[in-house]
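# Descriptive analysis of the structure
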Amino acid sequence: MITMKDIVREGYPTLTESAAPVEMPPNKEDQETLTDMLTFIQNSQDPEISEKYELRPGVGLAAPQLGLSKRMMAVHFEDLNGNSYSDGYYNPKIISHSVEQTYISTGEGCLSVDREVPGIVPRHMRITIKAINLNGEPVKLRLKGYAAVVFQHEIDHLNGIMFYDHINKNDPFKTPDGAKPCD
Ligand SMILES: O=C(O)C[C@@H](Cc1ccccc1)[C@H](O)SCc1ccccc1
Ligand code: NI
């Protein structure tokens, strides 16, 4: 079972390097890891389990956050339109995105960052992703708003990018021209 002690924090090398593609079809070890990642996110949102194991709530997790430089991520959340997302993904790739941007009005956090980093994190409003899901099926996802933000946050982890890398250093609360909040 993954707990917070398994999650590496800022300064750990895998958080700032580009992760390697996962060989397809995935081997047993990678399948088990991705399943455990999804279970961790689900557990982190369960009031009893999260209290018992002192889990920080999360909606996503990427393998580099476990010190594994592999292109694997898991998400578990419901967006503001009631659409549910709960799956693991191998080798996710953003194949297209909107020019229009969005952002979470309260900024972003990260399970690998034990501090508040205030500021607006500009993200693409709409993205299309291709990936292989936990069941080994090729999937194409068209995401917008909050769901697009979550997936971009996790795919950034596979590219060694942290959410605060996107915050405007001169004016952290500057909202990108024309961007609308997704929350
Ligand atoms: O560190 C991670 O990758 C998990 C993040 C993902 C995330 C952060 C901000 C915006 C979108 C996704 C955690 O979920 S941070 C904690 C959290 C919990 C519930 C809702 C939003 C963020
Ligand atoms: Ni993160």
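Whatever comes next refers back to the structure up there.
So, here's what we can say about the structure. (Residues numbered from 1 in each chain as written. Chains lettered and ligands numbered in written order. Predicted model: local features only at pLDDT ≥ 70, side-chain atom pairs only at ≥ 80, totals over all residues. Heavy atoms only, no water.)

A separate point is the sheet that holds strand β2 (residues 72-78). Pairing is antiparallel across the open sheet formed by five strands, whose spatial order is β1-β2-β3-β6-β7. A single partner strand is all that each edge strand has here, and the edge strands are β1 (60-62) and β7 (138-144). In this sheet, neighbouring strand axes are inclined to one another by 40 degrees on average, regardless of whether the strands run parallel or antiparallel. Note that strand β3 (residues 84-97) and strand β6 (residues 126-133) share six bridges and pair antiparallel. (Pairing = 2+ DSSP bridges. Helix = DSSP H or I, 4+ residues; strand = E, 2+ residues; numbered from the N terminus. Axes fitted to C-alpha atoms, helices over the stretch in contact; angles between N-to-C directions.)

To continue, consider the pairing of β6. Two strands pair when backbone bridges link them, and β6 and β7 are joined in this way by seven bridges, in the antiparallel orientation. Paired with I132 across the two strands is P138, which belongs to β7. Where β6 hands over to β7, the hairpin turn is made up of four residues, of which G136 adopts a positive phi near 85 degrees.

For the rest of this paragraph, the subject is the nonpolar core. The biggest cluster of nonpolar side chains holds 18 residues, and the ones touching the most others in it are I7, L34, M37, F40, L61 and M72. Among the secondary structure elements, those contributing two or more residues to this core are α1 (28-44) and β2. Here the element with the most residues in this core is α1; it accounts for five residues. Among all residues touching L61, those that are not within four sequence positions of it are I7, M37, F40, I41, L66, M73, A74, L111 and E154. Counting residues in hydrophobic clusters, the runner-up holds 15 residues, among them F77, Y89, I129 and A131. (Core = buried A, V, L, I, M, F, W, Y, C linked by side-chain atoms within 4.5 Å. Buried < 20%, exposed > 50% of the residue type's maximum accessible area, 1.4 Å probe, protein only. Contact = heavy atoms within 4.5 Å.)

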